[in-house]
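# Summary of structural features
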Amino acid sequence: FLAACLGLLAVGGCSLNRLAVNAVAGMLSSPGSGTVFTGEEDPQLVADALPFAMKLYESLLAQTPENEELLLATGSMFAMYANAFVQTPAGMLPETEFAQRQESLARAKRLYLRGRDYCLKALELRHPGLRARVDANDPAAMAGTDAEDLPYLYWAAASWMGAFSAEPFDME
């Protein structure tokens, strides 16, 4: 009897953990949660906080990898961070800082592609087989999408184009 009770408690603990992770993920990926960063008056505070937030979102995704909204929030955060705090400052560096500029642009590209992959994973969950069609350059890959997919499509495309703008000679 004691073993059965401990087993039920352990199973219940796992589901309570999952419930808590899902609750936090839902709160962080809700439509209004982004205004905490976009509405901040101090851009340096945002620049300092975003890397921690990005890793927090990834930690939550490790627990709930099929949470479409959290995938979108994470992907869009990577794209925004890459643009505002990596690529844009790199573009402002003087010509004498060429090596630093190239290094920063390569980092921005990696961050953009990471964001793109999160958004494409969410789209794949919404439309199984979509990623394979995109990777195969199928012109009808997006045929099954609709208006509800627009945020996912937007951030996937913005991330992809951001990566291209960071290294325009990489046609892949």
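Going by the structure above, here's the rest.
Described in the following lines is the structure provided in the data block. Small disclaimer: the values here were computed from a predicted structure and weren't measured.

### As for the overall build of the chain
For the chain, the count of helices and strands is seven helices and zero strands. Counting helices and strands in the order they occur from the N terminus, the chain gives α-α-α-α-α-α-α. Sorting the 172 residues of the chain into buried and exposed places 33% on the buried side. For the chain, restricting intrachain contacts to residue pairs at least 6 apart in sequence, the fraction spanning at least 24 positions comes to 65%. Accessible surface, the chain as shown: approximately 10500 Å² in total, 65% of it carbon and sulfur.

### What to know about the packing of helix H3 (residues 43-63) against helix H5 (residues 98-126)
For the pair H3 and H5, the least separation of the axes is 14 Å and the interaxial angle reads 35°. At the point where H3 passes H5, the crossing takes the left-handed sense. Residue-level inspection shows Met54, Lys55, Glu58 and Leu61 of H3 in contact with H5, the latter providing Leu111, Arg114 and Tyr118. Residues belonging to the contact of H3 with H5 are distributed by class as follows: four nonpolar, no polar and three charged.

### Thoughts on the nonpolar core
One finds Leu50, Met54, Met77, Tyr81, Leu111, Tyr112 and Leu123 to be the most contacted residues of the largest nonpolar core, which totals 34 residues. Ranked by the residues each element gives to this core, the list is headed by helix H4 (residues 68-91), at 11 residues. When sequence neighbours within four positions are dropped, the list of residues in contact with leucine 123 reads Leu130, Asp149, Tyr152, Leu153 and Ala156.

### A look at the side chain of histidine 127
Note that histidine 127 resides in the loop between H5 and helix H6 (130-135). Apart from the residues lying within four places of it in its own chain, the contact partners of histidine 127 are Gly144, Thr145 and Asp149.

### A short note on the side chain of threonine 74
Of note, threonine 74 is situated in helix H4. Contacts of threonine 74, omitting those with residues within four sequence positions, involve Tyr57, Glu58, Leu61 and Tyr118.

### With respect to the environment of alanine 158
By the element assignment, alanine 158 lies in helix H7 (residues 150-166). Judged by its relative accessible area of 26%, alanine 158 is partly exposed. Sequence separation between alanine 158 and glycine 115 is 43 residues; the distance between their C-alpha atoms is 9.3 Å.

Cut-offs used in this document
- Residues numbered from 1 in each chain as written.
- Predicted model: local features only at pLDDT ≥ 70, side-chain atom pairs only at ≥ 80, totals over all residues.
- Heavy atoms only, no water.
- Helix = DSSP H or I, 4+ residues; strand = E, 2+ residues; numbered from the N terminus.
- Buried < 20%, exposed > 50% of the residue type's maximum accessible area, 1.4 Å probe, protein only.
- Contact = heavy atoms within 4.5 Å.
- Areas by Shrake-Rupley, 256 points an atom, 1.4 Å probe, with all protein chains shown as cover.
- Axes fitted to C-alpha atoms, helices over the stretch in contact; angles between N-to-C directions.
- Left-handed = near helix turned anticlockwise from the far one by under 90°.
- Nonpolar A, V, L, I, M, F, W, Y, C, P; charged D, E, K, R; others polar.
- Core = buried A, V, L, I, M, F, W, Y, C linked by side-chain atoms within 4.5 Å.

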